[in-house]
Amino acid sequence: MRPTFHGVLFFPVTPFTASGAVDTDALSAHLTKGIEAGPGGVFIACGTGEFHALELGEFRTVVRTAVEVIAGRVPVYAGAGGAVAQAKAFALAAQEEGADGILLLPPYLVEVPQPGLVDYVAAVAGATTLPVIVYNRNNAKFTEASAVAVAKIDNVVGFKDGTGNFDQVARIVAAVKAQVDPDFLFFNGLPTAETTQLAFRAIGVPLYSSATFAFAPDLALAFYNSLESGNIELTSALLNAFFIPLVQLRDTVPGYAVSLVKAGVTMEGVPAGSVRPPLVMPSAEDVAALASIVAAGRAVLADALSGAV
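Residues numbered from 1 in each chain as written. Predicted model: local features only at pLDDT ≥ 70, side-chain atom pairs only at ≥ 80, totals over all residues. Heavy atoms only, no water.

A. Representation of the nonpolar core within the structure. Formed by 106 residues in total, the largest nonpolar core has its most connected members in F5, F43, I44, F59, F142, F215 and L238. Beyond its immediate chain neighbours, meaning those up to four positions away, F59 contacts A45, F51, L54, A78, G79, F90, A93 and A94. (Core = buried A, V, L, I, M, F, W, Y, C linked by side-chain atoms within 4.5 Å. Buried < 20%, exposed > 50% of the residue type's maximum accessible area, 1.4 Å probe, protein only. Contact = heavy atoms within 4.5 Å.)

B. Broad picture of the packing of aromatic side chains. Under the definition given, this model contains 17 aromatic pairs. Relative to F43, the ring of F5 lies with its centre 5.7 Å away and its plane at 35°, an arrangement referred to as tilted. Of this pair, F5 sits in the segment before β1 (9-10) while F43 sits in strand β2 (residues 41-44), and the two are 38 residues apart along the sequence. By relative accessible area, which is 6% here, F5 ends up buried. Ring centres 4.7 Å apart and planes at 55° place the aromatic pair F166 and F200 in the tilted group. Here F200 lies in helix α7 (residues 197-202) and F166 lies in helix α6 (residues 166-179), a separation of 34 residues in the sequence. With a relative accessible area of 29%, F166 lands in the partly exposed category. Of the residues examined, F200 reaches a relative accessible area of 0% and is grouped as buried. An aromatic cluster is defined as three or more aromatic residues linked by ring pairs; in this entry it consists of F5, F11, F43, Y77 and F187. One residue, R276, lies across the ring of F16, its end atom 4.1 Å from the ring centre. (Phe/Tyr/Trp six-rings, centres within 6.5 Å; stacked < 30°, edge-to-face > 60°. Helix = DSSP H or I, 4+ residues; strand = E, 2+ residues; numbered from the N terminus. Lys NZ or Arg CZ within 6 Å of the ring centre and 35° of its normal.)

Spelled out as structure tokens, the structure:
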């Protein structure tokens with residue numbers, strides 16, 4: 001039941017055609033390019049993949065395409081979330097289309113008491129036999145007690161943090177490992193997770209999602225390898241030249257955590273189309289800035305290969 005993840009986790013975008021339909025040809029090309037780069041897992045139709053903007057039929061198409069392209073080479077997890085009935089329907093659809101697991105996104109809009117949050121996870125997890133990773137963010141913020149409660153649900157196997165509240169997450173990690181399972185999975189799920197991964201590793205969160213992998217897998221893999229090998233000089237150089245400037249650009253417009261990635265996918269050769277409302281695509285100036293940031297990151301890699309870093 002419990003999956004094994006190694007390496008960088010790939011969160012693909014969902015390409016759309018000019019008319020706004022899911023572009024399965026572009027999605028297949030995007031997934032093929034990504035899997036050839038060597039990720040440790042694929043998380044389809046999640047935050048970067050605009051889960052919030054997909055209806056059930058489109059979601060099925062996206063998940064089915066991913067399962068076919070990945071062909072068992074790494075685990076394929078699919079998003080589910082929103083209203084509890086919707087989340088259950090999407091979780092079941094992901095199972096029917098051959099996904100290996102679920103990333104459970106927050107419920108829709110409402111303020112959430114902790115017992116209700118546990119009930120929400122239990123209801124969605126109960127709709128599928130797939131393993132479930134729970135996302136801690138927005139209006140779905142767990143305490144130690146509620147995290148332990150959901151970790152005890154049979155098919156809940158992981159906890160992904162998108163809050164960046166290191167004190168709280170450290171206590172959750174300690175509580176779940178002590179009271180439930182020392183091998184329970186923990187993920188850093190902050191946007192551009194590379195900028196915070198050193199801190200997350202220090203509190204027992206070794207895995208992280210990489211939106212960068214979707215458009216610059218060479219930079220994402222170089223960072224991961226530098227982190228794993230203890231090459232602090234290269235890790236710092238990549239942070240300063242690429243990841244921190246990317247975060248600074250990302251934070252200029254709400255939703256750029258998704259739309260900059262989609263623009264980057266197109267920039268790197270796979271036509272991903274536009275994001276759906278209420279998100280907006282980056283301006284021409286911001287796309288040019290993104291290209292410059294990518295170039296700066298690759299210059300660091302070139303220096304590393306030449307022995308300069």
